[in-house]
Amino acid sequence: MKEIFDLTYRFLMFLSRLTGFSYKEINIIVWFIVIPFSWAFLIDKIREKHYFKIGFALITTVVLIFTKDFQEFSNTLFEVSANFLRRFDGIGSNYITSSVIICLLIPCIIYIILIRKAYFKKSKI
């Protein structure tokens, strides 16, 4: 688990250096904007509509417009997320394991399901 966590951390640090955003800002952009938007895109592909991606984009845009300080916003949201992951310590997990399971494994499973439904539909004959 630690190796996966470290690899993810290094990738996010690379994105941070590449974009000029802080590690916490990149973390929030990836897990709270990019991933949910991609899921909305896939759900819309499955449903053959545009409601989820448009709705998500509108909500995200409004939130970002009314966010006075994105860095402070990201720091706060990151800490709330980290505290959530630390709560699993009480059931025998730890921050690293919880991060890998909740932030990587579960999203990957969701991607597999959504991509399969979006792009590998059974033909109706």
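A brief structural summary. Bear in mind that the values here come from a model prediction, so they are computed numbers and not experimental data.

**Some details on the packing of helix α4 (residues 70-86) against helix α5 (residues 95-119)**
A pair of packed helices can be characterised by two numbers: the angle between their axes and the separation between those axes.
Item 1. The interhelical angle for the contact between α4 and α5, taken along N-to-C directions, is 105°, at an axis separation of 8 Å. Considering the angle they form, α4 stands roughly perpendicular to α5. In this structure, α4 contributes F78, A82, F84, L85 and R86 to the contact, and α5 contributes Y95, S98, S99, I102 and C103.
Item 2. Of the residues that constitute the contact of α4 with α5, the class distribution is seven nonpolar, two polar and one charged.

**Here we look at the side chain of S74**
Item 1. One can find S74 in helix α4.
Item 2. On the basis of relative accessibility, which here comes to 0%, the residue S74 falls in the buried class.
Item 3. Setting aside residues up to four positions removed in sequence, S74 forms contacts with K24, E25 and I28.

**Overview of a nonpolar patch on the surface**
Item 1. On the surface, a cluster of nonpolar side chains totalling about 500 Å² of accessible area is made up of M1, I101, L105, I106, I109 and I113.
Item 2. On the secondary structure map, L105 appears in helix α5.

**What to know about the environment of D89**
Item 1. Among the secondary structure elements, D89 is positioned in the loop between α4 and α5.
Item 2. Along the backbone, D89 and T76 are 13 residues apart, and their C-alpha atoms lie at a distance of 21 Å.
Item 3. When neighbours within four sequence positions are excluded, D89 is seen to be in contact with N94 and Y95.

**Thoughts on α5**
What sets the pattern is the α-helix's 3.6 residues per turn: residues three or four places apart point alike.
Item 1. The end-to-end C-alpha distance of α5, which contains 25 residues, comes to 34 Å, matching closely the 36 Å that a straight helix rising 1.5 Å per residue would cover.
Item 2. Against α1 (2-19), α2 (23-47) and α4 lie the buried residues of α5.
Item 3. For α5, the N-terminal capping position is held by N94, with its side-chain oxygen 3.0 Å away from the main-chain nitrogen of I96.

About the criteria used
- Residues numbered from 1 in each chain as written.
- Predicted model: local features only at pLDDT ≥ 70, side-chain atom pairs only at ≥ 80, totals over all residues.
- Heavy atoms only, no water.
- Axes fitted to C-alpha atoms, helices over the stretch in contact; angles between N-to-C directions.
- Helix = DSSP H or I, 4+ residues; strand = E, 2+ residues; numbered from the N terminus.
- Parallel < 35°, antiparallel > 145°, perpendicular 65-115°, else oblique.
- Contact = heavy atoms within 4.5 Å.
- Nonpolar A, V, L, I, M, F, W, Y, C, P; charged D, E, K, R; others polar.
- Buried < 20%, exposed > 50% of the residue type's maximum accessible area, 1.4 Å probe, protein only.
- Patch = residues over 30% accessible without salt bridge, like charges linked within 9 Å, V, L, I, M, F, W, Y side chains within 5 Å.
- Areas by Shrake-Rupley, 256 points an atom, 1.4 Å probe, with all protein chains shown as cover.
- Salt bridge = Lys/Arg side-chain N within 4 Å of Asp/Glu carboxyl O.
- Expected span 1.5 Å × (residues − 1).
- Polar contact = N/O pair within 3.5 Å; in protein donor to acceptor, adjacent residues only side chain to side chain.

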